[in-house]
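# Structural description and commentary
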Amino acid sequence: MKPFGKIDGVSNQGIAFENQQSNNEKRLKRACADFEALLIYQMLKTMRRTVPRGGVFSQGVITDTWYMVMDQSIAESIAQRNGGLGIQNILYDHLVSNTGKKDRLRK
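The notes below deal with the structure included here. Quick caveat, the model's predicted, so the values are computed rather than measured.

A few words on the pattern of salt bridges. Throughout the structure, instances matching the rule amount to two salt bridges. When the shortest N-O distance is used, the salt bridge between Asp-34 and Arg-30 registers 3.3 Å. A residue pair is termed a helical-turn pair when its members lie 3 or 4 positions apart in one helix, as Asp-34 and Arg-30 do in helix α1 (residues 12–49) at four residues. One salt bridge in this structure joins Arg-48 and Asp-71, with 2.7 Å as the shortest N-O distance.

Before going further, it helps to spend a moment on the nonpolar core. Core analysis: the largest hydrophobic core is formed by six residues, namely Ala-37, Ile-40, Tyr-41, Leu-44, Ala-75 and Ala-79. At the level of secondary structure, the elements contributing two or more residues to this core comprise α1 and α2 (61–80). At four residues, α1 tops the list of elements feeding residues into this core. Apart from the residues within four sequence positions on either side, Leu-44 is in contact with Asp-71, Ile-74 and Ala-75.

Once that is clear, we can look at the environment of Leu-44. Relative to the helices and strands, Leu-44 is located in helix α1. With 28 residues separating them along the chain, Leu-44 and Gln-72 place their C-alpha atoms 8.7 Å apart.

Here we come to unusual backbone geometry. With phi around 45 degrees, Asn-82 is a residue other than glycine that occupies positive phi space. As for its placement among the helices and strands, Asn-82 is situated in the loop between α2 and α3 (87–106). With relative accessibility at 81%, the residue Asn-82 sits in the exposed group.

Definitions and limits used
Residues numbered from 1 in each chain as written. Predicted model: local features only at pLDDT ≥ 70, side-chain atom pairs only at ≥ 80, totals over all residues. Heavy atoms only, no water. Salt bridge = Lys/Arg side-chain N within 4 Å of Asp/Glu carboxyl O. Helix = DSSP H or I, 4+ residues; strand = E, 2+ residues; numbered from the N terminus. Core = buried A, V, L, I, M, F, W, Y, C linked by side-chain atoms within 4.5 Å. Buried < 20%, exposed > 50% of the residue type's maximum accessible area, 1.4 Å probe, protein only. Contact = heavy atoms within 4.5 Å.

Shown next, in the form of structure tokens:
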């Protein structure tokens, strides 16, 4: 019978740590992509304010809501394609490098 916590000489704790680290990296990448999508959405919203209102169709709450949903969808699409505008990659690299420095200082 093998001791609890070991499988063929490999500690389950080591595997769990690697899985947790991989999961944390995925979560950080997702957070960086979401942040970039938020910045893109704010940019689109600000650009839309510069367009004069009016025209053939009446502007109202429904139209504003539709534009908001459309801008959010466009922002998420841009952020998900090929690393987006590059902001998420820069942010991720910066956060990882700073986290690595803190971990080295703790040892």
